[in-house]
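# Coordinate analysis (summary)
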Amino acid sequence: MGGRPLGRGFYARRPDEVARDLIGKLLVRLYGGARLSGIIVEAEAYFGPEDPASRARHRGGSLARAMEWEPGRALVYGIHRQWLLNVVAHPPSGVGAVLIRALEPREGLEVMARNRGLPPGSDPRLLTSGPGRLTRALAVDKAIHGAPLTGGGPLWVEETGLRPAVCRCPRVGVTRDLEEPQRYVARGSKFVTAWRGCRCP
DNA sequence: CGCCAGATTGACT
DNA sequence: GTCAATCTGGCGG
């Protein structure tokens, strides 16, 4: 099962395709010699300036520029005193990113609980269900900003062979969204954030 | 340099 | 359900 980081080619596509295909993959964080990991069960696609919810509409801003980086780099975005983990994803000379919103934890649950300030043996859903929660569980912060996920770093994504059914919902927390829903969730997962309006049984 | 909105969370009415 | 905490980047003065 898996083992090697997904290469740049995986990320060098439209962010909506990358978001959809990230569902069911394994996000791995090397932390203090230990592997922390979880299956990605929820992700959102963000596009260029035409996307009213995307930071890319602030042309010339540091986040807008980061969304033009080569595909496969981590883009860490601070908001509401949390860090949010994105992956730069776009076709050649494009702009875009995918927000990782929730994981089903697999490895290193005790360390994740400690990072989250929770007692060992806590409900695993509390560890990584939510974009701010999973960054704390995996100790992802500004130091990861710009790191390639394509190998050699402390963070990457692996193939799993899992092919969960994926459904789409409106993005969470955005005031102006696109017509097409851009939030992708693993159907039936108990680890998806329970936000209003998304029925995905 | 100060003000403010925002891809959130968790504690409380 | 409501709401404040508390931080970064964008933008105006």
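Basis of the calculations
- Residues numbered from 1 in each chain as written.
- Chains lettered and ligands numbered in written order.
- Predicted model: local features only at pLDDT ≥ 70, side-chain atom pairs only at ≥ 80, totals over all residues.
- Heavy atoms only, no water.
- Salt bridge = Lys/Arg side-chain N within 4 Å of Asp/Glu carboxyl O.
- Near = heavy atom within 4 Å.
- Polar contact = N/O pair within 3.5 Å; in protein donor to acceptor, adjacent residues only side chain to side chain.
- Helix = DSSP H or I, 4+ residues; strand = E, 2+ residues; numbered from the N terminus.
- Core = buried A, V, L, I, M, F, W, Y, C linked by side-chain atoms within 4.5 Å.
- Buried < 20%, exposed > 50% of the residue type's maximum accessible area, 1.4 Å probe, protein only.
- Contact = heavy atoms within 4.5 Å.
- Phe/Tyr/Trp six-rings, centres within 6.5 Å; stacked < 30°, edge-to-face > 60°.
- Lys NZ or Arg CZ within 6 Å of the ring centre and 35° of its normal.
- Nonpolar A, V, L, I, M, F, W, Y, C, P; charged D, E, K, R; others polar.
- pLDDT = per-residue confidence, 0-100.

## A short note on the pattern of salt bridges
- Counting across every chain of the model gives 18 salt bridges.
- The closest approach of N and O atoms between Asp-21 and Arg-13, which form a salt bridge, is 2.8 Å.
- Here Asp-21 and Arg-20 are joined by a salt bridge, their closest N and O atoms 3.0 Å apart.
- Through salt bridges with shared partners, a single network forms among Arg-13, Glu-17, Arg-20 and Asp-21.

## As for the protein's contact with DNA strand B
- Within the structure, DNA strand B sits among 21 residues, and Arg-55, Asn-86, Arg-116, Gly-132 and Arg-133 are positioned closest to it.
- Backbone atoms, meaning sugar plus phosphate, form 52% of the atoms of DNA strand B positioned within 4 Å of the protein.
- Note that a phosphate oxygen of DNA strand B is positioned 3.0 Å from one of the side-chain N or O atoms of Arg-116.
- In the environment of DNA strand B, a phosphate oxygen lies 2.8 Å from a nitrogen or oxygen atom belonging to the backbone of Gly-132.
- Of all elements in the fold, only strand S3 (74–79), strand S4 (82–88), strand S5 (97–107) and helix H6 (131–137) reach the threshold of two or more residues within the surface near DNA strand B.
- If you tally residues by element for the surface near DNA strand B, the top one is H6, at four residues.

## Description of the nonpolar core
- By size, the foremost hydrophobic cluster in this structure holds 48 residues, and its most contacted members are Tyr-11, Leu-22, Leu-27, Ile-40, Leu-85, Ile-100 and Val-157.
- Take this core: its biggest share by element is six residues, from strand S2 (residues 34–46).
- Those residues in contact with Leu-85, other than ones at most four positions away along the chain, are Leu-27, Ala-74, Leu-75, Val-76, Val-98, Leu-99, Ile-100, Thr-135, Val-140 and Leu-155.
- If you look at the next biggest cluster of nonpolar residues, it comprises twelve residues, including Leu-75, Tyr-77, Val-88 and Leu-99.

## As for the packing of aromatic side chains
- With the rule as written, the count across this model stands at one aromatic pair.
- Ring plane angle 80° and centroid distance 5.1 Å describe the contact between Phe-10 and Tyr-11, whose orientation is recorded as edge-to-face. Accessibility classification places Phe-10 together with Tyr-11 in one group, the buried group.
- Seen from the ring of Phe-10, Arg-13 lies directly overhead, with NZ or CZ sitting 4.9 Å from the centre.
- Residue placement shows Arg-171 over the ring face of Tyr-46; its charged tip is 4.6 Å from the ring centre.

## Considering the protein's contact with DNA strand C
- The local shell around DNA strand C consists of His-58, Gly-61, Ser-62, Leu-63, Gly-78, His-80, Arg-81, Trp-83 and Lys-142.
- Protein-adjacent atoms of DNA strand C, using a 4 Å cutoff, are sugar or phosphate at a proportion of 81%.
- Within the backbone of Ser-62, one N or O atom sits 2.8 Å away from a phosphate oxygen of DNA strand C.
- In the model, a base nitrogen of DNA strand C is placed 2.8 Å from a nitrogen or oxygen of the Arg-81 side chain.
- A class-by-class count of the residues in the surface near DNA strand C yields two nonpolar, five polar and two charged.

## Observations concerning the confidence of the model for chain A
- Chain-level pLDDT for chain A is 93 on average; 97% of the residues reach the 70-or-more range.
- The secondary-structure element of chain A with the lowest mean pLDDT is strand S7 (residues 166–169), recorded at 92, while helix H2 (residues 15–22) shows the highest, at 98.

## Re unusual backbone geometry
- Phi is positive for Arg-81, close to 55°, though the residue is something other than glycine.
- Locating Arg-81 in the fold gives a position in the loop between S3 and S4.
- Classification of Arg-81 as exposed rests on a relative accessible area of 80%.

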